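# Structural overview
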Amino acid sequence: MFFTDQAKAMSRYFALVDCNNFYASCERVFNPKLEKKPVVVLSNNDGCVIARSNEAKAIGIPMGEPLFKVKALIRSKDVKVFSANFTLYGDMSRRVMEVLADHCADLEVYSIDEAFMELRFYHQSANSLVAWAEKLRATVYQWTGIPVSVGIGATKTLAKLANHVAKKRTRTGVYAIRTDDPLLHEITIGEVWGIGRRYEARLRQVGVNTVRELQCIEEGWMRQEFGVVGLRLLKEIKGEVCLLLEDPVTARKHTMVSRSFADDLYELAEIQRRLALYATRLGEKLRHYRQAAGVLTIYLWVNKHRNRRRDGRTCFARSVNLPIATNNTNHLISWSAVVAKALFEAGTNYKKAGIMASELVPENLSQGNLFQDHRAHERDNRVMKLVDELNQKMGQSTVYFAACGERPSIPLRQDYKSVNFTTNWQELLEIWG
């Protein structure tokens, strides 16, 4: 038997497609010399290691390790180092997800490098599912250059577990797991999606160490110990579908953009300019997810290491209920400037600022009012759509609002950054014959 009888009756299986070492793989797509070489990618401002190729893992570079601690190892092992290039990674992620969407209509983009698929149309046998997944994996690699692993299971939790097996224990990168799979006797509970340190510690206290032992737990005990969430997890491991694909638009409850400044800021005008940059990014995010913000919150943080305030406060925040829910960058910039002016206190050394959108609603369900000029509203929407299209085609900040300053950018330290091969005409890959 491949899956449970219940899963067969529902004709529903799930697949999790996960890009292997995604950031490092993106760097390799346009630089074949990096194949088989240890590669690491650094966080913003070149702080810590946030991605590693398998070769970098093998020589002992830990995840999250500060760059200065591993510089000697990097030099001695000839490790290739890259600053995070999120423009490139985001575009490559979009390409991978478009390939997946072409092969399955029921898709949930779970993260930048992961997506769940609901395979209602493939339920004949284990072999047909595996063959389909292997073909999908080959297509993704052929069309994008990104290697992926595919895990298949009767539930999302089992699919996630199968993906772990596909990545760690197979050569093909594909695995379909059964609810009575012998591997469940070997896989520890710490590998199960949704089991954190607290769950794992409690389960080990009662002698539950493997996934198979977890399947044998009584549902009543699981609910008493971990509530409905724990019970749902147990049922998923047993093959009962409890988690369906989520709509990324309705799943987001709020979104935020915040950054630390390279140096302390004392002038209101400069803080407003930085917030205009953040509001621009916030507007892009909201429009990407087809949402509008009903409430805007501005945060200002004081440099706690050199706090000049007598009262010792380090964080200031104020929210404003917007008259009409919006994702228009111009409106977001205007309101952020107003709120920042109300928060600002002269003589305070500000180190960080942030802008958060909440009370999010689908943009097509935004409630208007009698005083709204609907023609102006439609015109503004067309303008923002055009701005987004131009910036996507010609590069970020090709078109921007004057409040952001001249050719705006959020300054980051990126000593090892690769170029934007896919999103900037001036940085296209050149091949000389």
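Residues numbered from 1 in each chain as written. Predicted model: local features only at pLDDT ≥ 70, side-chain atom pairs only at ≥ 80, totals over all residues. Heavy atoms only, no water.

With respect to topology, 3 strands assemble into an open sheet ordered β3-β2-β4, the strand pairing being mixed. Edge positions in the sheet fall to β3 (49–52) and β4 (80–83), since each of these pairs with one other strand and no more. Along the sheet, successive strands turn relative to each other by an average axial angle of 25°, direction set aside. Relative to β3, strand β2 (residues 39–42) runs antiparallel, the two sharing 3 bridges. Bridge pairing links V41 to A51 in β3. (Pairing = 2+ DSSP bridges. Helix = DSSP H or I, 4+ residues; strand = E, 2+ residues; numbered from the N terminus. Axes fitted to C-alpha atoms, helices over the stretch in contact; angles between N-to-C directions.)

So, on to the layout of surface pockets. The space that makes up the second largest pocket amounts to roughly 950 Å³. Taken together, 33 residues form the lining of the second largest pocket, with N20, N21, S25, N54 and P147 sitting closest to its centre. Mapped onto the lining of the second largest pocket, the elements with two or more residues apiece are β1 (14–19), α2 (22–29), β3, α3 (54–58), α6 (126–144), β7 (148–153) and α7 (156–169). Grouping the amino acids of the lining of the second largest pocket by side-chain chemistry returns 13 nonpolar, 8 polar and 12 charged. (1 Å grid on protein atoms, 1.4 Å probe; cavity = no way out; pocket = protein on both sides within 12 Å on 5 of 7 lines; lining within 4 Å. Points joined across faces, edges and corners; volume = space filled by probe spheres on them. Nonpolar A, V, L, I, M, F, W, Y, C, P; charged D, E, K, R; others polar.)

Further remarks concern unusual backbone geometry. The general pattern is negative phi for most residues beyond glycine and trans for most peptide bonds. Backbone geometry places N21, a non-glycine residue, at a positive phi of 45°. Checked against the element boundaries, N21 lands in the loop between β1 and α2.

To find leftover empty space, a probe the size of one water molecule is rolled over the atoms. Counted under the stated rule, the structure contains 2 cavities of 30 Å³ or more. Each pocket or cavity is described by its volume, and for the largest cavity that value is around 50 Å³. What lines the largest cavity is simply T280, E284, R287, T329, M384, V387, D388, N391, V399, Y400 and F401. Counting residues per element, the ones that place at least two in the lining of the largest cavity are α12 (268–288) and α14 (374–394). In terms of residues, the lining of the largest cavity owes the most to one element, α14, which gives 4 residues. Considering only residue class, the lining of the largest cavity consists of 5 nonpolar, 3 polar and 3 charged.

Glancing now at the packing of aromatic side chains. The full count for this structure, using the stated rule, is 12 aromatic pairs. Ring centres 5.8 Å apart and planes at 80° place the aromatic pair Y23 and F86 in the edge-to-face group. Of this pair, Y23 sits in helix α2 while F86 is found in helix α5 (residues 86–103), placing the two residues 63 residues apart along the sequence. Centroid distance W221 to F226: 6.0 Å. Interplanar angle 80°. Geometry classified as edge-to-face. F226 sits in the buried class, given a relative accessible area of 8%. Ring pairing ties together the aromatic residues F22, Y23, F86 and Y89, which thus form one cluster. A cation over a ring is seen here: K352 above W301, with NZ or CZ 4.9 Å from the ring centre. (Phe/Tyr/Trp six-rings, centres within 6.5 Å; stacked < 30°, edge-to-face > 60°. Buried < 20%, exposed > 50% of the residue type's maximum accessible area, 1.4 Å probe, protein only. Lys NZ or Arg CZ within 6 Å of the ring centre and 35° of its normal.)

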